Amino acid sequence: MNNHVISVKNLTKRYKRADRAAVDGVSFSVKQGEFFAFLGANGAGKTTTISILTTTLSKSSGEVKIAGFDIDREARKVREKIGIIFQQPSLDPQLTAEENIRFHACLYGMCGYRPSFKSMPAAYRDKVMELAEIVGIQEALFKPIKKLSGGMQRKLEIIRSLIHTPEVLFLDEPTQGLDAVSRRGLWEYINSARERYGTTVFLTTHYIDEAENVDTVCLINRGKIAACSSPEELKRKLLRHELILDAEDRTALTAELSGLGVPFTINGRVNVPFEGTAQGIISRLKTDLTVLRINEPSLEDAYIEFLNKERAA
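Residues numbered from 1 in each chain as written. Predicted model: local features only at pLDDT ≥ 70, side-chain atom pairs only at ≥ 80, totals over all residues. Heavy atoms only, no water.

Chemist: Is there a simple way to explain the packing of helix α7 (residues 231-238) against helix α10 (residues 299-312) in this structure?
Modeler: Working note: a packed helix pair is described by the angle between its axes plus the distance between those axes. At their nearest, the axes of α7 and α10 sit 9 Å apart, and the two run at 50° to each other. One way to sum up the angle between α7 and α10 is to call them oblique. Note that α7 runs across α10; the crossing there is left-handed. Between α7 and α10, the residues in contact are Pro231, Leu234, Lys235 and Leu238 and Leu299, Ala302, Glu305, Phe306 and Lys309, respectively. (Axes fitted to C-alpha atoms, helices over the stretch in contact; angles between N-to-C directions. Helix = DSSP H or I, 4+ residues; strand = E, 2+ residues; numbered from the N terminus. Parallel < 35°, antiparallel > 145°, perpendicular 65-115°, else oblique. Left-handed = near helix turned anticlockwise from the far one by under 90°. Contact = heavy atoms within 4.5 Å.)

Structural data, given as structure tokens:
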């Protein structure tokens with residue numbers, strides 16, 4: 001049984017007079033309930049891809065299905081299944097914050113439109129207040145959009161995208177403009193929604209640390225998929241772990257490492273790259289160590305290494 005909630009096959013997008021395709025034969029899939037990160041430099045094709053997946057941009061060729069629905073033939077069904085937080089604001093400045101949420105909720109069939117917040121169903125009111133508390137916008141809920149700061153408007157867009165409990169949540173730079181407390185609150189809620197409702201999350205972000213705990217990270221470069229794996233596998237492919245060592249007699253330590261055929265560099269401390277486990281190296285050392293630390297690379301380290309290699313190619 002196919003449990004892929006997002007299926008992309010040979011997706012291509014060409015713009016007129018462009019030297020190359022913005023998206024060039026991209027294929028990948030995302031399982032139901034998966035936390036999926038789509039990373040790439042500016043101009044790599046990630047925003048074009050997410051725009052196509054959310055039915056806001058037409059494709060040139062290929063096949064895309066969201067929750068089993070074709071994005072061309074069944075675009076309306078696709079929109080009913082997804083929630084989106086865009087990079088650019090998409091709020092109606094003539095309405096209050098809550099009216100923007102209410103209008104969105106009614107479009108998604110949560111309830112019929114009613115003239116005031118108090119006249120709306122209790123389920124809607126409770127969900128709005130729950131989300132408003134999470135992102136810290138309770139006091140601004142009934143103010144006109146034009147009186148809200150950019151950060152407050154960002155928080156409002158988050159509430160609007162989550163109000164109908166979407167099956168697939170697309171997050172295009174979701175925490176841009178948010179303070180640290182609001183960022184943490186948002187991710188706690190999203191993780192809770194994943195556990196409670198099985199929500200699939202598709203993330204693009206410049207905050208690479210936000211993708212550290214995803215299930216799958218997919219790297220796109222110049223319109224093509226360059227790598228697609230778990231963060232741990234990606235880190236293993238691009239970087240090695242390092243032992244950080246030192247001793248009162250550093251000369252003896254480096255001589256011992258050389259005698260064992262263990263490569264190292266000196267950069268303030270003695271850095272020993274390794275694969276597998278560090279115990280095989282540590283157990284063979286006789287020199288008394290004053291520093292012993294394992295430096296594990298982050299996803300950001302691996303991503304920067306990937307970008308550097310792509311630029312050098």
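Chemist: Hey, could you run me through the layout of surface pockets in this one?
Modeler: A water-sized probe rolled over the atoms picks out the places where empty space is left. Empty space within the largest pocket amounts to approximately 500 Å³. Surrounding the largest pocket, 19 residues form its lining, Arg79, Ile82, His104, Leu107 and Tyr108 being those nearest its centre. Sorting the residues of the lining of the largest pocket by element identifies α2 (75-81), β6 (82-85), α3 (97-107) and α5 (150-162) as the ones contributing at least two each. No other element matches α3, which puts four residues into the lining of the largest pocket. A per-class count over the lining of the largest pocket returns seven nonpolar, seven polar and five charged. Its boundaries defined by the atoms lining it, the second largest pocket holds a volume of some 220 Å³. In terms of lining, the second largest pocket is formed by Phe35, Ala180, Arg183, Arg184, Trp187, Asn191, Arg194, Asp209, Glu210, Glu212 and Asn213. A per-element tally of the lining of the second largest pocket places helix α6 (residues 180-197) first, with six residues. Along the lines of polarity and charge, the residues of the lining of the second largest pocket split into three nonpolar, two polar and six charged. (1 Å grid on protein atoms, 1.4 Å probe; cavity = no way out; pocket = protein on both sides within 12 Å on 5 of 7 lines; lining within 4 Å. Points joined across faces, edges and corners; volume = space filled by probe spheres on them. Nonpolar A, V, L, I, M, F, W, Y, C, P; charged D, E, K, R; others polar.)

Chemist: Any chance you could explain the nonpolar core here in plain terms?
Modeler: Note that soluble globular proteins tend to have their nonpolar side chains buried in a common cluster. Counting residues in each nonpolar core, the largest one holds 51 residues, and the members touching the most others are Ile101, Tyr124, Leu171, Val217 and Leu219. Other than its neighbours up to four places away in sequence, tyrosine 124 contacts Glu98, Ile101, Arg102, Ala105, Phe117 and Ile163. (Core = buried A, V, L, I, M, F, W, Y, C linked by side-chain atoms within 4.5 Å. Buried < 20%, exposed > 50% of the residue type's maximum accessible area, 1.4 Å probe, protein only.)

Chemist: Looking at this structure, I do not really get the environment of arginine 269. What am I missing?
Modeler: The topology assignment puts arginine 269 in strand β13 (residues 269-274). According to the relative accessible area criterion, arginine 269 is partly exposed, its value standing at 37%. Apart from the residues within four sequence positions on either side, arginine 269 is in contact with Ile244, Leu245, Asp246, Arg250 and Val291. A polar side-chain atom of arginine 269 sits 3.1 Å from a polar atom in the side chain of aspartate 246. (Polar contact = N/O pair within 3.5 Å; in protein donor to acceptor, adjacent residues only side chain to side chain.)

Chemist: Help me understand the pattern of salt bridges in this model?
Modeler: It is possible for side chains bearing opposite charge to pair when their charged atoms get close. Applying the stated criterion across every chain, the model contains 16 salt bridges. Between glutamate 167 and lysine 81 there is a salt bridge; the shortest N-O distance is 3.7 Å. On the criterion of sequence distance, the pair formed by glutamate 167 in the loop between α5 and β7 (168-172) and lysine 81 in helix α2 is long-range, its members being 86 residues apart. The exposure class of glutamate 167 is partly exposed, given its relative accessible area of 28%. Judged by relative accessible area, lysine 81 falls into the partly exposed class, the value being 30%. For lysine 155, the salt bridge goes to aspartate 179, with nearest N and O atoms at 3.6 Å. Linking lysine 155 in helix α5 with aspartate 179 in the loop between β7 and α6, this pair joins segments that are 24 residues apart in sequence. Classification of aspartate 179 by relative accessible area gives partly exposed; the value is 38%. (Salt bridge = Lys/Arg side-chain N within 4 Å of Asp/Glu carboxyl O.)

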